[in-house]
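For reference, the chains in residue letters:
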Amino acid sequence: MSNYIQLKLNHPEKEILEIFIALLSEQGFEGFEESPQQLSAFIPEDQWDEEAIKELVNTYQATYTTESIAQRNWNEEWEKNFEPVVVGEFCAVRAHFHAPVTDVAYEIIITPKMSFGTGHHATTYMMIEYMEPLDFVGKTVLDFGTGTGILAILAAMKGAVHTVAIDNDDWSVENAAENIEVNRKRKDAPPVTNIVLEKADSLEKFAVFNIILANINKHVLLANMGAIQQHLTPGGVIIMSGLLAGDRDDIERSANNNGLKIVDQKQQQAWIALQLTTR
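Reading the values: rules and limits
Residues numbered from 1 in each chain as written. Predicted model: local features only at pLDDT ≥ 70, side-chain atom pairs only at ≥ 80, totals over all residues. Heavy atoms only, no water. Buried < 20%, exposed > 50% of the residue type's maximum accessible area, 1.4 Å probe, protein only. Helix = DSSP H or I, 4+ residues; strand = E, 2+ residues; numbered from the N terminus. Pairing = 2+ DSSP bridges. Axes fitted to C-alpha atoms, helices over the stretch in contact; angles between N-to-C directions. Contact = heavy atoms within 4.5 Å. Expected span 1.5 Å × (residues − 1). Arc of directions from axis to C-beta. Polar contact = N/O pair within 3.5 Å; in protein donor to acceptor, adjacent residues only side chain to side chain. Salt bridge = Lys/Arg side-chain N within 4 Å of Asp/Glu carboxyl O. Phe/Tyr/Trp six-rings, centres within 6.5 Å; stacked < 30°, edge-to-face > 60°.

(A) Fine view of the pairing of strand 3 (residues 38–44). With 6 of 7 residues buried, strand 3 lies mostly within the body of the structure. Pairing between strand 1 (residues 4–10) and strand 3: 7 bridges, direction antiparallel. Looking at strand 3, one finds that Ile-5 is bridged to Ile-43. Two elements, strand 2 (residues 31–35) and strand 3, share 5 bridges in a ladder whose sense is antiparallel.

(B) Structural context of the sheet that holds strand 8 (residues 140–144). On the basis of which strands lie adjacent, the open sheet formed by 7 strands has the order 10-9-8-11-12-14-13 and mixed pairing. The open sheet has two edge strands with one neighbour each: strand 10 (195–199) and strand 13 (260–268). Across the sheet, the mean angle from the axis of one strand to that of its neighbour is 15°, orientation sign disregarded. Taken together, the 6 bridges between strand 12 (residues 232–244) and strand 14 (residues 271–278) define a ladder with antiparallel strand orientation. Within strand 14, the residue paired with Val-237 across the bridge is Thr-277. Relative to strand 12, helix 7 (residues 218–230) is tilted by about 180°, and along the sheet it contacts strand 8, strand 11 (209–215), strand 12 and strand 13.

(C) Local environment of helix 6 (residues 170–184). Helix length check: helix 6, at 15 residues, gives a terminal C-alpha distance of 21 Å against a target of 21 Å (1.5 Å per residue), a fit within 8%. Turning to helix 6, its buried residues are Ser-172, Val-173, Asn-175, Ala-176, Asn-179, Ile-180 and Asn-183. Down the axis of helix 6, the buried set is contained in an arc of 165°. They therefore lie on one face. Structurally, helix 6 contributes buried residues whose contacts are with strand 7 (106–110), helix 5 (150–157), strand 9 (162–167) and strand 10. For helix 6, the side-chain oxygen to backbone nitrogen distance between the N-cap and Ser-172 is 2.8 Å, and the N-cap itself is Asp-169.

(D) View of the environment of Gln-230. In this structure, Gln-230 sits in helix 7. Gln-230 sits in the exposed class, given a relative accessible area of 56%. Each C-alpha atom, one on Gln-230 and one on Ile-195, is 21 Å from the other, the two residues being 35 residues apart in sequence.

(E) Here's a closer look at the pattern of salt bridges. Tallying each qualifying case throughout the model produces 12 salt bridges. The partner of Arg-186 in a salt bridge is Asp-188, and the shortest N-O contact between them spans 3.1 Å. According to the relative accessible area criterion, Arg-186 is buried, its value standing at 13%. Linking Glu-198 and Lys-205 is a salt bridge whose minimum nitrogen-to-oxygen distance equals 2.9 Å. Glu-198 sits in the partly exposed class, given a relative accessible area of 23%. The class for Lys-205 is exposed, based on a relative accessible area of 58%. Salt bridges sharing common partners tie together Arg-94, Glu-107, Arg-186 and Asp-188.

(F) Representation of the packing of aromatic side chains in the model. Within this structure, the stated rule accounts for 3 aromatic pairs. Consider the rings of Phe-20 and Tyr-60, whose centres lie 5.5 Å apart with planes at 65°: the pair is edge-to-face. Residue Phe-20 is found in helix 1 (residues 14–26), and its partner Tyr-60 is found in the loop between helix 2 (50–59) and strand 4 (63–69); the two are separated by 40 residues along the sequence. Classification of Phe-20 as buried rests on a relative accessible area of 1%. Residues Phe-90 and Tyr-106 carry aromatic rings whose centres are separated by 5.6 Å and whose planes lie at 75° to one another, so their mutual orientation is edge-to-face.

(G) The arrangement of the sheet that holds strand 1 in detail. The strand order across the open sheet formed by 4 strands is 2-3-1-4, and the pairing between neighbours is antiparallel. Sheet topology places strand 2 and strand 4 at the edges, where each strand pairs with a single neighbour. Between one strand and the next, the sheet's axes are offset by a mean angle of 20°, whatever the strand orientation. Pairing geometry for strand 1 and strand 4, over 7 bridges, is antiparallel. Bridge pairing links Lys-8 to Thr-65 in strand 4. Strands strand 1, strand 2 and strand 3 of the sheet are contacted by helix 1, whose axis makes an angle of about 175° with strand 2. Where helix 2 meets the sheet, its contacts fall on strand 1 and strand 4, and the angle it forms with strand 4 comes to roughly 150°.

Below you can see the structure in the form of structure tokens.
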């Protein structure tokens, strides 16, 4: 097993640390631990790029230190820090070791692993918020970049007739499959059926969908904006997140160029979520 580099970033502003989480995720960092004015991020030693980090740190006037550490049981680490996500009276996402959340319409149980980091809490929360008023009954749904499978599971619980969940990462597909199966077997929750889970990094082989959920990042969304539009039924709904507030202009420009328009925005800390439809 390879060692990891632990990067410790120091900055007085919480919002800047949130931005670092998003940018470091794109560089291959696999996990984050936050404390006031400090962020620890972890990456396999063979993926460490000192020059890229120096450039990033200088951009935001932060300071940093590094340390080589032995491989950890990452899932155990994330379990220690995982807190349930509760979205009003609509939906709760919890781990199997948490007490049941009984005062919500939908409760999803997952195994908390690396893809459910700090930033993921904010973006997942907003994606779920947007899903609450949407009518999923009889609809076809794409969960693009499914990660833990949470959004696909919720779509199925809300009555989607067919949900396709895709991710380009083997580990994510495996984790999503595990979470889908756990929720499918439950007797105390709405049915979780008709989810097709696949490893894929493009949409070309798939049909069109009434609703597209995409909690990924700016670069993937920009690269696939045309395909997203082509796979959305006229008048369909797109919910996207994994975005920072400063990403909106680029996303809006690309959406407009591809026959889409932003109709609503939510923001939590430095993160935003957007609702779009066809023009």
